[in-house]
Amino acid sequence: MPRFQRPTGTLDILPEEQSYWEHVRAHAIRLARRAGFERIDVPVFEATDLFARGIGAATDVVEKEMYTFNDKGGNSLTLRPEFTAGVVRAYIEHGMHVRPQPVKLYSIGPVFRYDRPQAGRYRQFHQLNLEILGTQDPAADLEIMLLVWDLYAGLGFRGLSFQLNSTGCPRCRPAYVELLKSYYHRHVDQICDDCRRRLETNPLRVLDCKAAQCQPVIEAAPPIGDHLCDECADHFAQLREYLDLLGKPYTLNHRLVRGLDYYTKTVFEVWAAGIGAQAAVCGGGRYDGLAEILGGPSTPAVGVAAGLERIILGMKAQEVGVPPLPPPPVFLAHLGPEARQEAARLADGLRRAGIGAWLAFGERGLKSQLREANKRGASYVVLIGEDELAQGVAAVRDMRTGEQTEVGLAELVGWLQERTGR
Ligand code: HAM
């Protein structure tokens, strides 16, 4: 038989990792709800065209990274490589534009990209996604940025900073792209092959190139900030004013263009110090044209997505602890067939009363059961033998003190409830 392994670029999240995941999810959901976000769950797969149109056919995500397949009905479907396109599709499909605007939605779940795996980069990973749909107000951009800031700061991250840029709009961007292209054509012998290709397919992405030979050309490229239309410049200035007012550190980064085509105006990332090459823990921005591209009403919107694996890697790198997930406090040990039945009944009763209970399985000696109770981290062991049963009691051992007490079976649930605080 072949030995199966998990697919390249995927992770098994083992029980001992789950305390991080529960902690991060609970913190994220608390923050989102506190700011008035409601949860939306969209399908894990959507029509391939939704992503091709929404994210952009010439992006790396669509060109190289999508898990696309034909179902048995011959429909081309794709595992979602992100949430935004699906959320906007749902907003349009359910006529959410008639609800009071803006609509604030959060999602949390797995996304899929055929990326090159390395630490912090996977093929199945999880995103917390936040979107504010139906407002142009730069205060919405600010709110999205502050939310993710609080997400990381609240988890105990240090050395956070915003990287910020504006990528303009369909009114001012085309002229800037022409300017950028003509600048690049003058330096075409200094740039990498990828950039030569990008210049034709997705010119803004040249600014994002990591190849060493391209860096001097990128550094000296005309910054888009000098070529924004009045509306974009004003929007950007208002956002920066807010950030200044709130004392949030940000770096204007004219190379920040992000990998998805739908962005207009604001784009940003949060970088965390000391977590290696994948310093961007989240990224987002405004996408005022996406709803229309997908056949809906014009809907200005802004959002962000945070990779949960990167958050957890970052927490470990920065030695941020999380509270452990406690095991059931009660362990039920038994000796003899009738005691075993009583223990099973008690386990059921304790659980219904909200007390975590672990029932020993099989017929084993007391020593072996106590050893197990110890390994499982139980606070109390309830021991029932034939003698106890005859007297209608159980022996309850407090595992911290070693003290043993006899408790009537009828009072046992209440007795343990008091002591375990349930
Ligand atoms: P994105 O920058 O493509 O944006 O992804 C957001 C975050 O997902 C990244 O900052 C990173 O934390 C995480 N991430 C991306 N790729 C991987 C990977 N291969 N492995 C692990 N983590 C990864 C979006 O997805 C946009 N939809 C964000 C958005 C929402 N913009 C507006 N609304």
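On to the overall build of the protein chain. The helix and strand tally for the protein chain stands at 15 helices and 16 strands. Over its C-alpha atoms the protein chain spans a radius of gyration of 28 Å, topping by over 25% the 22 Å that the globule rule assigns to 422 residues. Taken along the three principal axes of its C-alpha coordinates, the protein chain extends 95 × 55 × 45 Å. The long-range fraction of contacts in the protein chain, counting pairs at least 24 apart against all pairs at least 6 apart in sequence, stands at 69%. Summed over all atoms, the accessible surface of the protein chain reaches about 20,400 Å², with 52% contributed by carbon and sulfur.

Quick look at the site of the ligand now. Taken together, 27 residues lie near the ligand, and Glu82, Tyr122, Glu131, Arg258 and Tyr263 sit nearest. A distance of 3.0 Å is found between an oxygen atom of the ligand and a backbone nitrogen or oxygen belonging to Val281. The separation between an oxygen atom of the ligand and a polar main-chain atom of Cys282 is 3.5 Å. Of all elements in the fold, only strand S6 (124–133), strand S10 (280–286) and strand S11 (301–307) reach the threshold of two or more residues within the shell around the ligand. Per-element tally for the shell around the ligand: the top contributor is S10, with six residues. Classifying every residue of the shell around the ligand gives 11 nonpolar, nine polar and seven charged.

What follows deals with the environment of Gln417. Here Gln417 lies in helix H15 (residues 412–420). In the structure, Gln417 is positioned 64 residues away from Ala353 in sequence and 7.9 Å away in space, judged by C-alpha atoms. Excluding anything up to four places from it in sequence, Gln417 contacts Ala353, Ile355 and Arg422.

Moving on, we get to the sheet that holds strand S3 (residues 68–70). Taken in spatial order, the three strands line up as S2-S4-S3 in an open sheet, and their pairing is antiparallel. Whereas interior strands pair on both sides, the edge strands pair on one side only; in this sheet they are strand S2 (45–47) and S3. Taking each pair of neighbouring strands and ignoring which way they run, the sheet shows an average axis angle of 35 degrees. Here S3 pairs with strand S4 (residues 76–79) via three bridges, running antiparallel. Looking across to S4, one finds that Phe69 is bridged to Leu77. Sheet strands in contact with helix H2 (residues 48–55) are S2, S3 and S4, and its direction is about 75 degrees off that of S2.

This part takes up the domain arrangement of the protein chain. Parsing the protein chain into structural domains produces domain 1 (15–172 + 228–317) and domain 2 (330–420). Its C-alpha centre places domain 1 at a distance of 49 Å from the equivalent point of domain 2.

Helix H5 (residues 138–155) packs onto helix H1 (residues 18–34) with a crossing angle of 140 degrees between their chain directions and a minimal axis gap of 10 Å. Accordingly, the angle class assigned to the pair H1 and H5 is oblique. Seen along the crossing, H1 lies across H5 with a hand that is right-handed. Here H1 contributes His23, Val24, His27, Ala28, Leu31 and Ala32 to the contact with H5, which in turn contributes Leu147, Asp150, Leu151, Gly154 and Leu155.

Glancing now at the packing of H1 against helix H11 (residues 308–317). Angle between the axes and distance between the axes are the two parameters that describe a pair of packed helices. Look at H1 against H11: their axes get within 10 Å of each other, and the N-to-C directions meet at 115 degrees. By the angle between their axes, H1 is roughly perpendicular relative to H11. At the point where H1 passes H11, the crossing takes the right-handed sense. Two secondary-structure elements touch here, H1 through Tyr20, Trp21, His23, Val24 and Arg25 and H11 through Leu308, Glu309, Ile311, Ile312, Met315 and Lys316. Split by residue class, the contact of H1 with H11 holds seven nonpolar, one polar and three charged.

Another point: the sheet that holds strand S7 (residues 160–166). Spatially, the eight strands line up as an open sheet ordered S1-S5-S6-S11-S10-S9-S7-S8, and their pairing is mixed. Taken across any chain shown, the strands that pair with only one partner, and hence form the sheet edges, are strand S1 (38–39) and strand S8 (250–252). Against the sheet, helix H4 (residues 84–93) touches strand S5 (103–112) and S6, its axis set at about 40 degrees to S6. Against the sheet, helix H9 (residues 230–245) contacts S7, S8, strand S9 (264–272) and S10, and its axis sits at roughly 165 degrees relative to S7.

Looking now at helix H6 (residues 173–186). Between the first and last C-alpha of H6 there are 20 Å, a value that for 14 residues agrees with the 20 Å anticipated at 1.5 Å per step. Among the residues of H6, those classed as buried are Arg173, Tyr176, Val177, Leu180, Lys181, Tyr183 and Tyr184. Burial along H6 is one-sided: seen end-on, the buried residues are contained in an arc of 165 degrees. Exposed side chains of H6 directed beyond 90 degrees from the buried face belong to Ala175 and Arg186. Each element contacted by the buried residues of H6 is listed here: helix H7 (193–201), helix H8 (215–219) and S9.

It is worth spelling out the packing of aromatic side chains at this point. This structure, assessed with the given rule, holds nine aromatic pairs. Judged by centre distance (6.3 Å) and plane angle (80 degrees), the rings of Phe45 and Phe69 are edge-to-face. On the criterion of sequence distance, the pair formed by Phe45 in strand S2 and Phe69 in strand S3 is long-range, its members being 24 residues apart. By relative accessible area, Phe45 is classed as partly exposed at 44%.

Rules used in this analysis
- Residues numbered from 1 in each chain as written.
- Predicted model: local features only at pLDDT ≥ 70, side-chain atom pairs only at ≥ 80, totals over all residues.
- Heavy atoms only, no water.
- Helix = DSSP H or I, 4+ residues; strand = E, 2+ residues; numbered from the N terminus.
- Rg over C-alpha atoms; globule rule 2.2 N^0.38 Å.
- Contact = heavy atoms within 4.5 Å.
- Areas by Shrake-Rupley, 256 points an atom, 1.4 Å probe, with all protein chains shown as cover.
- Near = heavy atom within 4 Å.
- Polar contact = N/O pair within 3.5 Å; in protein donor to acceptor, adjacent residues only side chain to side chain.
- Nonpolar A, V, L, I, M, F, W, Y, C, P; charged D, E, K, R; others polar.
- Pairing = 2+ DSSP bridges.
- Axes fitted to C-alpha atoms, helices over the stretch in contact; angles between N-to-C directions.
- Domains from an automatic or database assignment.
- Parallel < 35°, antiparallel > 145°, perpendicular 65-115°, else oblique.
- Left-handed = near helix turned anticlockwise from the far one by under 90°.
- Expected span 1.5 Å × (residues − 1).
- Buried < 20%, exposed > 50% of the residue type's maximum accessible area, 1.4 Å probe, protein only.
- Arc of directions from axis to C-beta.
- Phe/Tyr/Trp six-rings, centres within 6.5 Å; stacked < 30°, edge-to-face > 60°.

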